[in-house]
Amino acid sequence: MTAPPTEAPEALPSDADDPLAGAPHERRPGVVGALRELALGLIGPLLAILTALIVGALIIVFTDPTTLEAWGSFFSAPGTALADSWDLIATSYRALFDSSLGSQRALARTLVQSTPLILVGLSVALAFKAGMFNIGGAGQLIVGAMAAAWIGITFDLPQVVHLPLALVAGVIGGAVWGGIVGFLKARTGAHEVITSIMLNFVALRLLDYALSTDTFRRPGRSDPISPEMPASVRLPEPIDSFQVHLGFVIALLVAWGAWWLLQRTTIGFRMRAVGANAKAARYAGMGVAATTVLSMGIAGGLAGLGGTTILLGSTPRLTGGFFASVGFDAIALALLGRASPIGVVGAGLLFGALQAGSTGMQAQTSTPIDIIFVIQALIILFVAAPAIVRTVWRVKETRLGAGQRFSAGWGAQ
Amino acid sequence: MRVELRGITKRFPGVVANEDVNLVVEPGQVHALLGENGAGKSTLMNVLFGLYRQTEGEVLLDGVPASFSSPADAIDAGIGMVHQHFMLVPVFTVAENVMLGVEPTSAPGVLDRDAARRRVLELSARHGLDVDPDAMVEDLPVGVQQRVEILKALYREADCLILDEPTAVLTPSEIDDMLEIIRRLADEGRSVIFISHKLREVRAIADTITILRRGRVVGTTTPDESDEQELATAMVGRDVQLVVDRSAASPTDVVLRVSDLRVRDERDQLAVADVSFDVRAGEIVAIAGVQGNGQSELVSAIVGLRRPTAGRVELDGTDVTGANPARMVELGVAHVPEDRQRDGLISSFPVSDNLVLNLTGRSPYSRGIRMDRRAIRENAERLVQDFDIRTSSIDAAVGTLSGGNQQKVIVGREMSHTERLLVLSQPTRGLDVGSIQYIHHRIVQARDQGLAVLLNSSELDEVLALADRVIVMYRGGVIGEVSGEEATRDSVGMLMAGARA
Ligand SMILES: Nc1ncnc2c1ncn2[C@@H]1O[C@H](COP(=O)(O)OP(=O)(O)OP(=O)(O)O)[C@@H](O)[C@H]1O
Ligand SMILES: [Mg+2]
């Protein structure tokens, strides 16, 4: 295999003329490549969901007293145990499906349920793109909802002014709460995970306090509950007989807006650059501190808007602990959606459906609502640890790579 | 250990990085791999080290087929690798880094630090590595960090050592030490694979030289059979001129004026002490010096990445002391940073975005806050062509490019927007001879178009080839200045070593 190197140029003469010719520079067609990538990207989450449903089914069976009894006499009547189990799983999941997607009313419930999940999920996703882990969605949505509630209770205005004003107030409230986290990080280097958790507690207490003041407490009541929001700030339902309020449309628009912001604007470019390599961003002249504050402000605003859609939509009263759990579900679904706006919408719809269906499932079967939270948790577990799914389904590693990036980012900065 | 690669092919989506590569490395030999940027050298070595799995072909160790699914397997089989980009934990000590992954224990789960320290001391003495096991890695100069990487491999009893561009970041005297160490390792019976773009050192150290081009082996030779010119021609596939053509400079107005500048480094030590000089339009001024004599801090202060504690920086007569990097870009200053992975690129972003990383705020790349994707793509297509950046597409993440091609992305970007002053720190580090020639040509061209060029390079050949004036830094101050005609290896080398002219 010894060819004197001085002869080599003659051996491959055409190479030198065209630097872009030759095997190493083949191109993959853009659209086909993109679709392939998308399909491959979906495999991970879909398998995770499937696995979670299967494990969920086992848990349903083995927590149900009657079926357990049947399994106790497995050796005398193996058929009964299997049939009972199958029945239970089938009726439970059927009820889950029926009451989330099975009818127009069920579908409406799902969409309403997913609205705040999508918005707060976008908040987590956006902060993540900017290199931060926003655990503070719970606090931000509470403060946002409080600001909106204050507008709703205090003023008496026509709907065209009152509703937009309340929405804007919700965004600002959340933005301030998120902005504080960004400011502390930019100024003092305080880790956003710590400060945003702390601010969650502060927000919860602030809400308790507010509900004890005359401004927020419902007149004549001593328990912590606000008056109902007036009709002029309530989100209208654009389609008659389909009980989905405007918030859902807003959430979809905002998701598109978040995508546009991240991918098509200089601000989004900066956010992503700071998130991916802050040193290089600084070298490139981007204000890293300003971008950090701005990113957390925007993220907070999205969470605030999420809280506001709950208040002006399905649950028009402030109470203690106002939907703080949405803030945590949002972290999970941003992980499932791989921190991309479209992924968050998909994951938000899934979680919305699971949560909307869970009530119906509990009513129709003996399966408790809590099983849904177990399934949610399992989905996240399988997305975060793709090795499990990989082993179970024998999928090649390369196809399940991307999910790791999000979970590996846990407090990485 | 005798290492044989047989018919290795490695494909990435859209790229064939290695095609049917055959290679035999005999024990006791230093086998050099030569090839252009993106020829597939690192990829081939990553296959041998178990980081990538080959698409086709097999690896034989002492004649026995071996199959690695991870570097751990390769290490077990006696292969050690020092990567092009170091893989050390900066906040760990040398001993901790070396034992990482194979920690000795005194009882189950209890680290035996003393054993590790002793082993490090012993190895370092035996191979003349001269490393302090208790030093914190982040405090060490790159040359020593490099030796820590080698220690890591030796600690794991590597019988075959892969060194991917180990000398790229070293100073001339460190390179001499390194070559000596490599020779000794080979003489003890190890097989060594050595990758470098510096033909002189390849000829000095190698027993056998294999040349890769576009993923294929195009020839095997020895230092006695081929001189530098022949090696360069074989690598690139066309004649390469190793000297730069350039006429005398005709400098005009002062563009950059630095007066009495003082700069402190991260540890608050005075790194630059009262430095003053000018750079005029139409000239190339080189800052020479052994790395670590204040050049990096000086450059950071000029381009706005570090605030000087005293003194002035003027651009075209305007005071820009302490201006931020964005402002400097606006004023027409471009800067190729020294550490490309850390400062110059965002490795997960596509090539196209990296080619406008610090330019997105201006037209034609954006209007208002809206980025113009089309303009960004057109810019990328053009620069990829001009600078011969080897990538599967402008949408590929820049991190998937070979080291030299990543460097070309930065140089291309910065040279595309300079209006007044071009500041270059180690601009051709890791580039192959053909690319160096092209970039040098572009630098001279930029000068002739009336730009002021400030070159910070520890590569003496580069300084001598390009500079119209050479400023030599020593211990934070300017120890002397030599004109381009008078500059020789000796005259500049003496000053670099601290001997006043
Ligand atoms: N992980 C990857 N994904 C896709 N392409 C890759 C990947 N790693 C390398 N490549 C491609 O394979 C080719 C060979 O790259 P490699 O890093 O082996 O070059 P090299 O010879 O080491 O060059 P250099 O001298 O610049 O370091 C390049 O075209 C590169 O873009
Ligand atoms: Mg390489």
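Just so it is clear, the structure is predicted and the values come from calculations on it, not from any experiment. Residue numbers restart at each chain and count upward from 1, following the sequence in its written direction. Here the convention is simple: chains get letters from A, ligands get numbers from 1, in the order in which they are written. Where local features are concerned, this predicted model is filtered to residues with pLDDT of at least 70; where side-chain atom pairs are given and counted, the filter is 80 or more; whole-chain, interface and lining totals use all residues. Side-chain figures throughout are based on the complete set of non-hydrogen atoms in the structure, without hydrogens or water.

Draft legend 1. Main features of the overall build of chain A. Elements are defined by DSSP. Helices are runs of H or I of four residues or more, strands are runs of E of two residues or more, and each kind is numbered from the N terminus. In terms of helices and strands, chain A carries 18 helices and zero strands. In this scheme, a residue with accessible area under 20% of its type's maximum is buried, one over 50% is exposed, and one in between is partly exposed, where area comes from a 1.4 Å probe on protein chains only. When each of the 413 residues of chain A is scored for burial, the buried share is 49%. In chain A, of all internal contacts separated by at least 6 residues, the share reaching a separation of at least 24 is 73%. Accessible surface, chain A: about 18800 Å² in total, of which carbon and sulfur atoms supply 67%. Residues count as neighbours in contact if any of their non-hydrogen atoms are within 4.5 Å of one another. Note on areas: Shrake-Rupley, 1.4 Å probe, and residue coverage restricted to the protein chains presented here.

Draft legend 2. Broad picture of the sheet that holds strand 23 (residues 469–474) of chain B. Residue and element names in this part refer to chain B. Pairing between two strands is assigned when DSSP locates at least 2 bridges connecting them. Reading across from one edge, 18-21-22-15-23-24 is the order of the six strands in this open sheet, with mixed pairing throughout. Each edge of the open sheet is held by one strand with a lone partner, namely strand 18 (333–336) and strand 24 (477–483). Here the average twist between neighbouring strands, direction ignored, is 15 degrees. Of the strand pairs in this sheet, strand 23 and strand 24 are connected by six bridges, and their pairing is antiparallel. Bridging from a neighbouring strand, Tyr-474 pairs with Gly-477 of strand 24. Only the contacting stretch of a helix is used when fitting its axis, a line to C-alpha atoms as for every element, and angles between N-to-C directions run 0 to 180 degrees. The strands touched by helix 17 (residues 489–496) within the sheet are strand 15 (284–288), strand 23 and strand 24, with strand 23 carrying the most contacts at an inclination of about 25 degrees.

Draft legend 3. Looking closely at the site of ligand 1. Residue and element names in this part refer to chain B. Taken together, 20 residues sit near ligand 1, with Lys-41, Ser-42, Thr-43, Ser-402 and Gly-404 positioned nearest. A 3.5 Å cut-off defines polar contacts: any pair of N or O atoms within that distance qualifies, except that in protein one atom must be a possible hydrogen donor and the other a possible acceptor, and neighbouring residues in sequence count only when both atoms are side-chain atoms. Taking Thr-400, its main chain carries an N or O atom lying 3.1 Å from an oxygen atom of ligand 1. Considered on its own, ligand 1 offers 640 Å² of accessible surface; in the complex 88% of this is hidden by protein. Those elements that provide at least two residues to the shell around ligand 1 are strand 2 (15–25), helix 1 (41–48) and helix 14 (403–417). Looking at the shell around ligand 1 residue by residue, the class counts come to six nonpolar, eleven polar and three charged. Here the shell around ligand 1 spans two domains, since at least three of its residues come from each of domain 1 (3–236) and domain 3 (341–417). Any residue with at least one heavy atom within 4 Å of a molecule or strand is counted as near it. As a working rule, the residues Ala, Val, Leu, Ile, Met, Phe, Trp, Tyr, Cys and Pro are called nonpolar, Asp, Glu, Lys and Arg charged, and the rest polar, with Gly in that last group. For the domains described, the bounds stem from an automatic or database domain assignment.

Draft legend 4. Highlighting the packing of aromatic side chains. Residues and elements named next belong to chain A. Planes of paired rings set the category: under 30 degrees apart is stacked, over 60 is edge-to-face and the rest tilted, where pairs are Phe, Tyr or Trp rings (Trp by its six-membered ring) whose centres lie within 6.5 Å. Tallying each qualifying case throughout the model produces seven aromatic pairs over all chains. An angle of 20 degrees between the planes, with centres 6.5 Å apart, marks the rings of Trp-256 and Trp-260 as stacked. Of this pair, Trp-256 and Trp-260 both sit in helix 10 (residues 246–264), four residues apart, which is roughly one turn of the helix. Classification of Trp-260 by relative accessible area gives partly exposed; the value is 23%.

Draft legend 5. Focus on the domain arrangement of chain B. Residues and elements named next belong to chain B. Here the domain parsing of chain B yields domain 1 (3–236), domain 2 (241–332 + 419–501) and domain 3 (341–417). Computed over C-alpha atoms, the centres of domain 1 and domain 2 are 33 Å apart. With 20 residues of domain 1 at the interface, the matching set in domain 2 holds 15 residues. Throughout, buried area stands for the accessible area (probe radius 1.4 Å) lost by two parts on being put together, summed over both. A combined buried area of about 1300 Å² lies between domain 1 and domain 2, and 52% of that area is made up of carbon and sulfur atoms. Note on definitions: salt bridges are taken to be side-chain nitrogens of Lys or Arg within 4 Å of carboxyl oxygens of Asp or Glu. Linking domain 1 with domain 2 are three salt bridges. In this structure, the salt-bridge partner of Glu-459 is Lys-198, at a minimum N-O distance of 3.7 Å. On the surface where domain 1 and domain 2 come into contact, there are five residue pairs in polar contact (both at pLDDT 80 or more).

Draft legend 6. Here's a closer look at the sheet that holds strand 1 (residues 3–12) of chain B. Residue and element names in this part refer to chain B. Taking strand neighbours across the sheet as the criterion, the four strands line up as 2-1-4-5 in an open arrangement whose pairing is antiparallel. Since the sheet does not close on itself, it has two edges, and those belong to strand 2 and strand 5 (64–66), each with one partner. Between one strand axis and the next, the sheet turns through 30 degrees on average, direction left out of account. Alignment of strand 4 (residues 56–61) against strand 5, held across three bridges, turns out to be antiparallel. Opposite Leu-61, over in strand 5, you have Val-64 as the bridge partner. Running at roughly 115 degrees to strand 1, helix 1 makes contact with strand 1, strand 2 and strand 4 of the sheet.

Draft legend 7. Summary view of empty space enclosed by the protein. Put simply, the grid is 1 Å and covers the protein atoms alone, a cavity is a trapped set of points that fit a 1.4 Å probe, a pocket is an open set with protein on both sides within 12 Å along at least five of seven lines, and lining residues have an atom within 4 Å of a point. Grid points are joined across faces, edges and corners, and a volume is the space filled by probe spheres set on the points. Tallying each qualifying case throughout the model produces three cavities of 30 Å³ or more. Approximately 90 Å³ is the volume found for the largest cavity. Taken together, Tyr283(A), Val303(B), Leu305(B), Pro325(B), Met328(B), Val329(B), Val333(B), Ala334(B), His335(B), Asn358(B) and Glu414(B) make up the full set of residues lining the largest cavity. Split by residue class, the lining of the largest cavity holds eight nonpolar, two polar and one charged.

Draft legend 8. Layout of the nonpolar core. Take the buried Ala, Val, Leu, Ile, Met, Phe, Trp, Tyr and Cys residues and link them wherever side-chain atoms come within 4.5 Å; each set so joined is a nonpolar core. Formed by 100 residues in total, the largest nonpolar core has its most connected members in Leu122(A), Leu311(A), Leu312(A), Leu318(A), Phe322(A) and Ile379(A). Ranked by residues supplied to this core, first place goes to helix 6 (residues 104–129) of chain A with twelve residues. Apart from the residues within four sequence positions on either side, Leu122(A) is in contact with Ala251(A), Val254(A), Ala255(A), Ala258(A), Leu302(A), Pro341(A) and Val344(A). Grouped together as the second largest cluster of nonpolar side chains are 52 residues, Ala95(B), Leu123(B), Ile182(B) and Leu185(B) included.

Draft legend 9. Structural context of unusual backbone geometry. All names here are of chain B. The omega torsion across Ser-363 and Pro-364 is 5 degrees, close enough to zero to call that bond cis. Mapped onto the elements, Pro-364 comes out in the loop between helix 12 (351–354) and strand 19 (366–367). The phi torsion at Asp-316 lies on the positive side, around 50 degrees, for a residue other than glycine. Position of Asp-316 among the secondary structure elements: in the loop between strand 16 (310–315) and strand 17 (318–319).

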